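Breakdown of the fold
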Amino acid sequence: MDKILAETKQGQLKGKIEGKSISWKGIPYAKAPVGKLRFEPPQQPDNWQGVREAFDFGPVCPQPPEAAAMQGINPEDMSEDCLYLNVWTPNTSKKDLPVMVWIHGGAFTSGAGSSYLYNGARLAVQGEVVVVTLNYRLGALGFLHLAGLDDHFTANLGLLDQVAALRWVKNNIAVFGGDPQQVTIFGESAGSMSIASLFAMPQAKGLFNKAIMESGASQVVPSGQAVHIAKDFISMLDIEPDHLSAIKDESLDSLMKASEEVYQENGGDESVLLFQPAIDDNTLPQYPTDAVAAGSAADIPLMIGTNHDEGVFFVRPDTEEMPEGKMDEIVKRMAGRENADKIREYYPPSAEGQARLITDFVFWKPALEFAEAQTNYAPVWMYRFDWHVPGHPYAGKAVHALEIPFVFQNLDYFWKLEVEVGMSLEKLSTRMQNAWVSFARTGEPGSDWPAYDLEVRKTKIFNESDRIIADPHKEKRRIIQDNES
């Protein structure tokens, strides 16, 4: 059989040779979640007859146009019929290759597996791996907690979409040359937070063997808070809780408008994660870090890390200085009143202080706690990404998401930022990609990177030249964790 033809459980797919790689795009891994299937768990995809061409990406899940534009997504490409995934392989006859499944970020409200940053061709070819990217339902369509109002509904649909995609990979990836027993999930931001939840979900058990978490860890809301948002949402649509099924008949425009109104009522902007995984007895019964601490992900090796200046991505340099009293209250809430005095100096009310607060408490602290929880059950490796271009308007700090082009080796992205792509960037990208691929292939990122333990806490620093640091920012870490270990 021609190697661009793949015989999946649903039917034959025809891929496309792209240089040294082969791609199959727009593969349905579930039925379209529309009509009666809107706000329902993903269903097994339909079979087809003959050969289906897999040349183009599938539609993108509905999301706010402004957020989509930031990721280069055309609003005309959006549709509720969006549960598709994409596969890249090296153009080779080799079989049983490691599989790397990417879960995109975007605050659970935006993004797509088809983003140009996630093109898996170079990673597949240079790493000799099979790369999969996927879409999952976003915003209210994926994370509105209707199950808290009516037990006929199911919670955490966006996460269940990811589970369905992983199940598709398990059942089909061998025909693309991948090894279904060597599946590594990796993701960034909300994608990484999704992985934390997958560690804790009974439905995801056995669907992956390793995980790489970039800039995100346990991030969920209590059921009560999720129910409050759901009540606000249906009230915007004039739907009564005892007639909740009427939400399936609303237009997509009405749902998107209600989402905007809920944000205005509950925080004002989409940096506030109103739609995100929620604690739920049937789908996500425990906070992910607690579940992992109890052994829910035993024997699953983990790579986890953050970028040095995550928060700069979210705070503009010209952001007004926060009133000192308000900043103090936030620090007390984040670190505890007893620790606030010890740590206040790190977080002045300036834009820089606000960014540092986000870096440490939204990203670094949760990553530390998640890593610590998993070290009891499997080897863990911790990293920090420090590369930046001093003085550059965007890459002037090691901001949130800046590591992604290096992992996929899609460095042409930097030409768009007017950053010269020279040998230094290419070597850093190669070192990072080699570590990611080594981990996917062997369960270890390389002999020069010691595993993380609570005694020494060795951490790999990625920059123009890499190094290993023991317990970075030790004193601050102890305070923000309220932990003298």
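For the structure, see preceding data.
Presented here is an overview of the structure given in this document. (Residues numbered from 1 in each chain as written. Predicted model: local features only at pLDDT ≥ 70, side-chain atom pairs only at ≥ 80, totals over all residues. Heavy atoms only, no water.)

1. Describing the pairing of strand S11 (residues 302–307)
- Counting buried positions along S11 gives six out of six residues, so the element sits mostly inside the fold.
- Here S11 shows a buried face lined by Leu302, Ile304 and Thr306 and a second buried face lined by Met303, Gly305 and Asn307.
- Pairing between strand S10 (residues 210–214) and S11: four bridges, direction parallel. Counted as the bridge partner of alanine 211 is leucine 302 from S11. (Buried < 20%, exposed > 50% of the residue type's maximum accessible area, 1.4 Å probe, protein only. Helix = DSSP H or I, 4+ residues; strand = E, 2+ residues; numbered from the N terminus. Pairing = 2+ DSSP bridges.)

2. Some words on the nonpolar core
- Ranked by size, the top nonpolar core spans 104 residues in total, and within it Phe199, Phe233 and Ile247 carry the most contacts.
- Setting aside chain neighbours within four positions, we find phenylalanine 199 in contact with Phe208, Ala211, Val292, Ser296, Ala297, Ile300, Leu302, Phe370 and Gln374. (Core = buried A, V, L, I, M, F, W, Y, C linked by side-chain atoms within 4.5 Å. Contact = heavy atoms within 4.5 Å.)

3. Some points on the sheet that holds strand S9 (residues 178–188)
- Taken in spatial order, the 11 strands make up an open sheet running S3-S4-S6-S8-S7-S9-S10-S11-S12-S13-S14, and their pairing is mixed. Of all the strands in the sheet, the pair left with one neighbour each is strand S3 (16–18) and strand S14 (467–470). Neighbour-to-neighbour, the strand axes of this sheet turn through a mean angle of 25°, independent of strand direction.
- As paired strands, strand S4 (residues 21–28) and strand S6 (residues 84–90) are joined by six bridges and run antiparallel to one another. By the bridge assignment, serine 21 is partnered in S6 with proline 90.
- Here helix H14 (residues 423–442) sits on the sheet in contact with strand S7 (97–103), S9, S10, S11, strand S12 (380–385) and strand S13 (458–462), set at roughly 150° to S10. (Axes fitted to C-alpha atoms, helices over the stretch in contact; angles between N-to-C directions.)

4. Here's the deal with the pairing of S9
- Counted residue by residue, S9 has nine buried out of 11 residues, so it is predominantly covered.
- Examined bridge by bridge, S7 and S9 share six bridges and lie parallel to one another. Bridge pairing in S9 links valine 101 to isoleucine 185.
- Relative to S10, S9 runs parallel, the two sharing five bridges. Each residue of the ladder has a partner; that of glutamate 188, found in S10, is glutamate 214.
- With helix H5 (residues 190–200) bridging S9 and the parallel S10, this β-α-β connection has right-handed handedness. (Right-handed = clockwise from strand over helix to strand, strands pointing away.)

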